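Next come the chains, spelled out residue by residue.
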Amino acid sequence: MSDQTAPLDISRAIRAMAGWLVVAALAVCSGAANAQTPQQQTPPPKPPVEAAPQAVPGFWDPRRRPERPDLSRITVIRFLTETDYPPFNFTGPDGNPAGFNVDLARAICEEIKVTCTIQMRRFETLVDALATNRGDAIIASMAVTPQLRTRVDFSDPYYRAPARFASRRDAVLPEVRPEYLEGKKVGVIGGTAHEAYLKAMFTDAELHAYPNDDALRQALRRGEVDFIFGDAIALAFWINGTDSAECCAFSGGPFVESRFFGEGIGIAVRKGNDLLRQALNWALFRLWEKGRYTDLWLRYFSVSPF
């Protein structure tokens, strides 16, 4: 999804997961190429791509259970979401809203036991639509930022978009530190929070800026760079998809520094709507506690971005 300009740009650039607790086992899809000896007549079979151990993000502390608000005062929740950000939001084969965010919104309404409507709109129109009472809550992978906090209130985070490195499969690193990338060519999309993070933290790496995701990933496939750095969710789908041609895998674990990658992804409500915000927090906690959030996450994410 293309970057946009402030303040919603910041939300878009870092969207696509800061919660209290991230329950995330570091997942590394790795496969080292075997060396061929002179005695071998044919190349050894390529090692199979092993599925990464799945890690489900958690932002809920069982010791801090939200109080149940007066849900009788809520009779309907009109959710607003965006039109095209798969797998989070997209139009299903039947023409209705679909995706992770849509299913989560429906689960929230089931938990609160209220009627739920979901309207799809262009991302850049969502905050204005909320402000003019055309909806009650935005569930559209909207990153919590100081700029947006001046216009809306947010629920607790329900996921975050970490950053990760990817490399070719024969050069996977189990851990990535600044000293490990000294002199290495690292690709990144120019003008993003990911580039700013590399410039601040990986000062000895040789950075190469690219205009978009496609150019960045092709550079890694062709071996123009040793690593690329970007949104882990988008990279997870690319690594597991046909476009990567099984070339590449994650190196190292996730980077989640909120100063660069945001406080997390929350559900936005109108300023001062504390009842709905508290109801959403209560419902999210309940869904996580019952395992429904985990089931939903695993349904949509076959390769963990964590």
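The shown structure was predicted, so the numbers you read here are calculated from the model rather than taken from an experiment.

Trainee: So what exactly am I meant to see when it comes to the side chain of Asn 101 here?
Mentor: Tracing the backbone shows Asn 101 in helix H2 (residues 100–112). Residues in contact with Asn 101, not counting those within four places in the same chain, are Phe 88, Asn 89, Ile 139, Ala 140, Ser 141, Tyr 158 and Tyr 159.

Trainee: Would you take a moment to explain the sheet that holds strand S10 (residues 227–231) for this structure?
Mentor: Across a sheet, paired strands are connected by hydrogen bonds in the backbone, their directions being either parallel or antiparallel. Across the sheet, which stays open at both edges, the five strands sit in the order S9-S8-S10-S7-S11 with mixed pairing between neighbours. Two strands lie at the open edges of the sheet, namely strand S9 (206–210) and strand S11 (248–255), each paired on one side alone. Averaged over neighbouring strand pairs, the angle between their axes works out to 30° when direction is ignored. The sheet contact formed by strand S8 (residues 185–189) and S10 spans two bridges and is parallel. When the sheet's bridge partners are listed, Gly 187 is paired in S10 with Ile 228. Contacts between helix H7 (residues 232–240) and the sheet are confined to strand S7 (163–168), S10 and S11, with S10 contributing the most and set at about 120° to the helix.

Trainee: Explanation requested: helix H6 (residues 213–221) in the structure shown.
Mentor: Given 3.6 residues per helical turn, the α-helix brings residues three or four places apart onto the same face. For H6, the set of buried residues is Leu 216, Arg 217, Ala 219 and Leu 220. All buried residues of H6 lie within an arc of 155° about the axis, which places them on one face of the element. Buried residues along H6 sit in contact with S7, S8, S9, S10, H7 and S11. Where H6 begins, the capping side chain belongs to Asn 212, and its oxygen is found 3.3 Å from the backbone nitrogen of Asp 214. Looking at the residues trailing H6, positive phi occurs at Gly 223, about 80°.

Trainee: Please clarify how the packing of H2 against helix H9 (residues 274–290) should be interpreted in this entry.
Mentor: A packed helix pair is summarised by two numbers, namely the angle formed by the two axes and the spacing between the axes. Axis separation between H2 and H9 bottoms out at 9 Å; the angle between their running directions is 100°. Judged on the interaxial angle alone, H9 and H2 are roughly perpendicular. Contacts between H2 and H9 pair Leu 104, Ala 107, Ile 108, Glu 111 and Ile 112 from the former with Ala 279, Leu 280, Trp 282, Ala 283, Leu 284, Arg 286, Leu 287 and Lys 290 from the latter. For the contact of H2 with H9, a count of residues per class yields ten nonpolar, no polar and three charged.

Trainee: What exactly am I supposed to notice about the packing of aromatic side chains here?
Mentor: What describes a pair of aromatic rings is the distance from one ring centre to the other and the angle between the planes of the rings. Taken as a whole, this structure holds 30 aromatic pairs when the rule is applied. Ring geometry for Phe 100 against Tyr 159: centres 6.4 Å apart, planes inclined by 85°, an arrangement best described as edge-to-face. Taken together, the positions of Phe 100 in helix H2 and Tyr 159 in the loop between strand S6 (152–154) and S7 put the pair 59 residues apart, joining distant regions of the chain. Neither Phe 100 nor Tyr 159 differs from the other in exposure class; each is buried. Look at Tyr 158 and Tyr 159: their rings are 5.4 Å apart centre to centre, the planes differ by 75°, and that puts the pair in the edge-to-face class. When sorted by exposure, Tyr 158 lands in the same class as Tyr 159, which is buried.

What counts as what
Starting from 1, residues in each chain are numbered consecutively following that chain's sequence as written. Per-residue local features of the predicted model are confined to residues with pLDDT of at least 70, and side-chain atom pairs are confined, for both listing and counting, to 80 or more; whole-chain, interface and lining totals are unaffected and use all residues. Based on all heavy atoms of the structure, the side-chain values leave hydrogens and waters out of the count. The helix count covers DSSP runs of H or I at least four residues long, the strand count covers runs of E at least two residues long, and both are numbered beginning at the N terminus. We call two residues in contact whenever any of their non-hydrogen atoms come within 4.5 Å of each other. Strand pairing is assigned whenever DSSP identifies at least 2 bridges connecting the two strands. To obtain an axis, a line is fitted to C-alpha atoms, over the contacting stretch when the element is a helix, and the angle between two such axes runs from 0 to 180 degrees between their N-to-C directions. For each residue, the accessible area found with a 1.4 Å probe, counting protein chains only, is set against the maximum for its type, and the residue is called buried under 20%, exposed over 50%, and partly exposed in between. Picture the helix axis, draw a direction to every C-beta atom, and the arc is the one those directions span. Polar contact is the term for a pair of N or O atoms within 3.5 Å; when the atoms are in protein, one must be able to donate a hydrogen and the other to accept it, and sequence-neighboring residues count only if both atoms are side-chain atoms. Note on terminology: angles under 35 degrees are roughly parallel, angles over 145 are roughly antiparallel, angles of 65 to 115 are roughly perpendicular, and the others are oblique. In this count, Pro and Cys sit with the nonpolar residues alongside Ala, Val, Leu, Ile, Met, Phe, Trp and Tyr, while Asp, Glu, Lys and Arg are called charged and the others, Gly among them, polar. Working definition: rings of Phe, Tyr and Trp (its six-membered ring) pair if their centres are within 6.5 Å, and the pair is stacked with planes under 30 degrees apart, edge-to-face with planes over 60 apart, and tilted otherwise.

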